[in-house]
Amino acid sequence: MAGILERYRNFYDFPADFPIISLNEGNTPLIPAPKISAEVSRLSGQPDVQVFLKFEGLNPTGSFKDRGMTYAVSKAVADGHTHIICASTGNTSAAAAAYGARAGLKTLIILPGGKVALGKLSQAIMYGAAIVEIDGNFDQALDIVRALGETGKVCVVNSINPYRLQGQKTGAFELCDVLGDAPDDLYIPVGNAGNISAYWMGFKEYADKGISSKRPRMCGYQAAGAAPIVHGHKIEKPETLATAIRIGNPASWQLAEAARDDSGGRIDCVTDPQIVAAYQFLASREGVLCEPSSAASVAGLFKAASLSQVQANSTIVCVLTGNGLKDPDSAIEYGNPQRAQLPADSDQVAAFFGL
Ligand code: F0G
């Protein structure tokens, strides 16, 4: 299927000869989650809660960033840029490097040293980006990107580039298309706060055009050690094992607050143990391996259920923003290994399996 700019062309005003750089992103599955639904009903005491997972890990570079990057990079090409640049906790850089490679642009990446999952770093290396790891966090990397962007020599493709959010709003379109209407609640991880803002734009646009009959409550979840919006102030030294959302000064802070307030939703936080529990539940009970940061949406839903914030008969979508294969170290650390190394002997193997 064509990528998001072709499929949702009517929602954009780019010219007919716009140079679309696409890897056929989008069209990701909306997977029913019966075990999570049952757990939410159990925790909340509310019957008939239907939970779906929007699995963005099945995009071409394994995260939702591809939806925004197709537009940002196409626009960079249209504007005659030769270089794109971004700061990243990993996924933005993987997407930028892939779309940059496809467009024939040079991609420059600034990463928080030692805090990017292995798969994401491998992607950026293979796609051929130039990579600087700083002795600092994402927020400091983004400050450097903003400064370099002002030289006019490079096109910034972080979500401060408005085309990123315009592309990412198609996640909301797709799930409304599949459900036949907007859900009642959307649960989504919050880091730099672009994606919650983009989904809200998408839901508003569908409702304004009469394609959907309602707008969901936007329920965003930060990691407890990196929860500036929840606390109402910047966090100088954000810390969480969910490295993708290890951010203390989100660029789209105000937009995210507006999404929360206009939708009657909430932005709350979940602890690292709650994130790990949801990460394990998703993989071992639903068969869906996302990365730890993505599991913040489901951890948030479990928390909301225990706080009686979930309503009976509601349809809920949790956005799983990235693929678990990007972070094999976390899978190995937090998985529940049932492994053994044995001689090539069927009796011993059978004994280990309990057969
Ligand atoms: N989930 C994943 C897997 C992410 O990579 C990110 C952000 C988020 C959630 C949060 O989304 O920033 O729009 O609120 N990753 C960025 C990056 C910061 O550099 O890849 P957000």
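Residues numbered from 1 in each chain as written. Predicted model: local features only at pLDDT ≥ 70, side-chain atom pairs only at ≥ 80, totals over all residues. Heavy atoms only, no water.

Before going further, it helps to examine the site of the ligand. Within the structure, the ligand sits among 20 residues, and S88, N192, A193, N195 and T321 are positioned closest to it. Measuring from an oxygen atom of the ligand, one finds a backbone N or O atom of T89 at 2.8 Å. In the model, an oxygen atom of the ligand is placed 2.7 Å from a nitrogen or oxygen of the T92 main chain. Surface burial for the ligand is 98%, taken as the share of its 470 Å² of free accessible area covered by protein chains. (Near = heavy atom within 4 Å. Polar contact = N/O pair within 3.5 Å; in protein donor to acceptor, adjacent residues only side chain to side chain. Areas by Shrake-Rupley, 256 points an atom, 1.4 Å probe, with all protein chains shown as cover.)

Turning next to empty space enclosed by the protein. Applying the stated rule across the entire model yields two cavities of 30 Å³ or more. If you trace the largest cavity, you find 29 residues lining it, with F64, K65, G191, N192 and A244 closest to the centre. Contributions of two or more residues to the lining of the largest cavity are made by helix 4 (91-103), helix 7 (162-168) and helix 9 (194-208). Looking at the lining of the largest cavity residue by residue, the class counts come to eleven nonpolar, 15 polar and three charged. One number sums up the size of the second largest cavity: a volume of about 30 Å³. If you trace the second largest cavity, you find it lined by A117, K120, L241, A242, T243, E291, P292, S293 and D327. The residue inventory of the lining of the second largest cavity, partitioned by class, reads four nonpolar, two polar and three charged. (1 Å grid on protein atoms, 1.4 Å probe; cavity = no way out; pocket = protein on both sides within 12 Å on 5 of 7 lines; lining within 4 Å. Points joined across faces, edges and corners; volume = space filled by probe spheres on them. Helix = DSSP H or I, 4+ residues; strand = E, 2+ residues; numbered from the N terminus. Nonpolar A, V, L, I, M, F, W, Y, C, P; charged D, E, K, R; others polar.)

Strand order in the open sheet formed by four strands is 5-4-3-6, with parallel pairing between adjacent strands. Lying at the two open borders of the sheet, with one neighbouring strand each, are strand 5 (130-134) and strand 6 (155-156). Note that strand 4 (residues 106-112) and strand 5 share five bridges and pair parallel. Looking at the pairing, I110 lines up with V132 of strand 5. (Pairing = 2+ DSSP bridges.)

Mapping T240 onto the fold places it in the loop between helix 10 (228-231) and helix 11 (253-263). A distance of 2.9 Å separates a polar side-chain atom of T240 from the backbone nitrogen of A242. A distance of 2.6 Å separates polar atoms of two side chains, one belonging to T240 and the other to D272. Beyond its immediate stretch of four places on either side in the chain, T240 contacts A223, A226, I245, R246, D272 and I275. (Contact = heavy atoms within 4.5 Å.)

Attention now goes to the state of the cysteines. Enumeration according to the criterion identifies zero disulfides in this entry. Between C269, a cysteine without a disulfide, and C219, which holds the nearest cysteine sulfur, the sulfur-to-sulfur distance is 14 Å. Classification of C269 by relative accessible area gives buried; the value is 14%. Between C290, a cysteine without a disulfide, and C318, which holds the nearest cysteine sulfur, the sulfur-to-sulfur distance is 9.9 Å. According to the relative accessible area criterion, C290 is buried, its value standing at 0%. (Disulfide = S-S within 2.5 Å. Buried < 20%, exposed > 50% of the residue type's maximum accessible area, 1.4 Å probe, protein only.)

Right, let's get into the environment of F203. Within the fold, F203 resides in helix 9. The spatial distance from the C-alpha of F203 to the C-alpha of G171 is 9.3 Å, given a sequence separation of 32 residues. With near-sequence residues (within four places) excluded, F203 lies in contact with A172, L175, C176, A182, P183, L186, S212, R215, P216 and M218.

The subject of this paragraph is the environment of R339. With respect to the helices, strands and loops of the structure, R339 is situated in the loop between helix 14 (328-334) and helix 15 (346-353). Along the sequence, R339 and N249 sit 90 residues apart, while their C-alpha atoms lie 41 Å from each other.

Take the pairing of strand 8 (residues 217-223) next. Most of strand 8 is tucked away: six of the seven residues are buried. Here strand 7 (residues 185-189) pairs with strand 8 via five bridges, running parallel. Bridge pairing in strand 8 links L186 to M218. Here strand 8 pairs with strand 9 (residues 266-270) via five bridges, running parallel. Opposite A223, over in strand 9, you have V270 as the bridge partner.

With mixed pairing, the six strands of this open sheet are ordered in space as 1-2-10-7-8-9. Of all strands in the sheet, those with a lone pairing partner are strand 1 (30-32) and strand 9, marking the two edges. If you compare each strand with its neighbour and ignore which way they point, the axes differ by 25° on average. Here helix 2 (residues 34-44) sits on the sheet and contacts strand 1 and strand 2 (50-55); the angle it forms with strand 2, its principal contact strand, is near 135°. (Axes fitted to C-alpha atoms, helices over the stretch in contact; angles between N-to-C directions.)

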